[in-house]
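Each chain is listed here by its residues.
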Amino acid sequence: VQLQASGGGLVQAGGSLRLSCAASGSIFSINGMGWYRQAPGKQRELVAAITSGGSTNYADSVKGRFTISRDNAKNTVYLQMNSLKPEDTAVYYCNAGLGQPSIDYWGQGTQVTVSS
């Protein structure tokens, strides 16, 4: 099983980016999916998560600016990021719980850089 993340890049403050993460391989079921980020010198933190039923939760710092969604037919999770701020600069990692019992898988990380 692999998670392939894409969509990162360099953007000016106030701009938007859309991250995608597709799961591939022998997948029988996907449970929760989410996005985490890690800035230099900081711990990895949860940005947003979505359950198999579509319930979402967000870090307070991104509420109202980021939207997580998923396409179960494509085994893909998205993160739409609007009104980006320099403090959003980090490596973003996707995460998915697969199978029963659920096992966590991680994508390779994609760099998001927001310039002021």
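Structure shown above.
Scope of this entry: the structure provided in the associated data block. If you're wondering where the values come from, they're calculated on a predicted model, not measured in any experiment. Per chain, residue numbering runs from 1 following the sequence as it is written. Confidence filtering applies because this is a predicted model: local features only for residues at pLDDT of at least 70, side-chain atom pairs given and counted only at 80 or more, and all residues used for totals across whole chains, interfaces and linings. Heavy atoms from the whole structure form the basis of all side-chain values; hydrogens and water molecules are not counted.

## Comments concerning the state of the cysteines
At step 1: What counts as a disulfide here is a pair of cysteine sulfur atoms lying within 2.5 Å. Going through the model one piece at a time under the given rule, you end up with 1 disulfide.
At step 2: Each sulfur in the disulfide pair Cys-21 and Cys-94 lies 2.0 Å from the other. For the disulfide bridge between Cys-21 and Cys-94, the dihedral angle about the S-S bond is near 50°, and by the sign convention the bridge is right-handed. Of this pair, Cys-21 sits in strand β3 (residues 17-24) while Cys-94 sits in strand β9 (residues 90-98), placing them 73 residues apart in sequence. Accessibility assignment for this pair places Cys-21 and Cys-94 in one class, buried. Strands here are runs of E lasting at least two residues and helices are runs of H or I lasting at least four, both read from the DSSP assignment and numbered beginning at the N terminus. Each residue is placed in one exposure class: buried if its accessible area under a 1.4 Å probe, protein chains only, is under 20% of its type's maximum, exposed if it is over 50%, and partly exposed if it falls in between.

## With respect to the sheet that holds strand β7 (residues 66-71)
At step 1: If you walk across this open sheet you meet the 4 strands as β1-β3-β8-β7, and the pairing is antiparallel. Strands with a single pairing partner mark the edges of an open sheet, and in this sheet they are β1 (2-6) and β7. Neighbour-to-neighbour, the strand axes of the sheet open up by a mean angle of 15°, direction not taken into account.
At step 2: Pairing analysis gives 6 bridges linking β3 to strand β8 (residues 76-81), with the strands arranged antiparallel. Only when DSSP finds a minimum of two bridges between them are two strands counted as paired. Fitted lines through C-alpha atoms give the axes, limited to the stretch in contact for helices. The angle between two N-to-C directions lies from 0 to 180 degrees.

## Here's the deal with the nonpolar core
At step 1: What makes a nonpolar core is a set of buried Ala, Val, Leu, Ile, Met, Phe, Trp, Tyr and Cys residues whose side-chain atoms join them at distances within 4.5 Å. If you look at the biggest cluster of nonpolar residues, it comprises 30 residues, and the most contacted ones within it are Trp-35, Val-47, Phe-66, Ile-68, Leu-79, Met-81 and Tyr-92.
At step 2: For this core, the secondary structure elements donating two or more residues are β1, β3, β4 (30-38), β5 (45-50), β7, β8, β9 and β11 (110-115).
At step 3: If you tally residues by element for this core, the top one is β9, at 5 residues.

## Brief notes about the pattern of salt bridges
At step 1: Every case where a carboxyl oxygen of Asp or Glu lies within 4 Å of a side-chain nitrogen of Lys or Arg is listed as a salt bridge. A full pass over the atoms with the stated rule returns 4 salt bridges.
At step 2: With a closest N to O distance of 2.7 Å, Arg-37 and Glu-45 form a salt bridge.
At step 3: Looking at Arg-37, the relative accessible area reads 6%, which means it is buried.
At step 4: Exposure remark for Glu-45: the relative accessible area of 35% places this residue in the partly exposed category.
At step 5: Taking the shortest distance from any N to any O, the salt bridge between Arg-65 and Asp-88 comes out at 2.8 Å. With Arg-65 in the loop between β6 (56-58) and β7 and Asp-88 in the loop between β8 and β9, the pair connects residues that are 23 residues apart, well separated along the chain. Neither Arg-65 nor Asp-88 differs from the other in exposure class; each is buried.
At step 6: Each member of the salt-bridge network shares a partner with another, and the members are Arg-37, Glu-45, Arg-65 and Asp-88.

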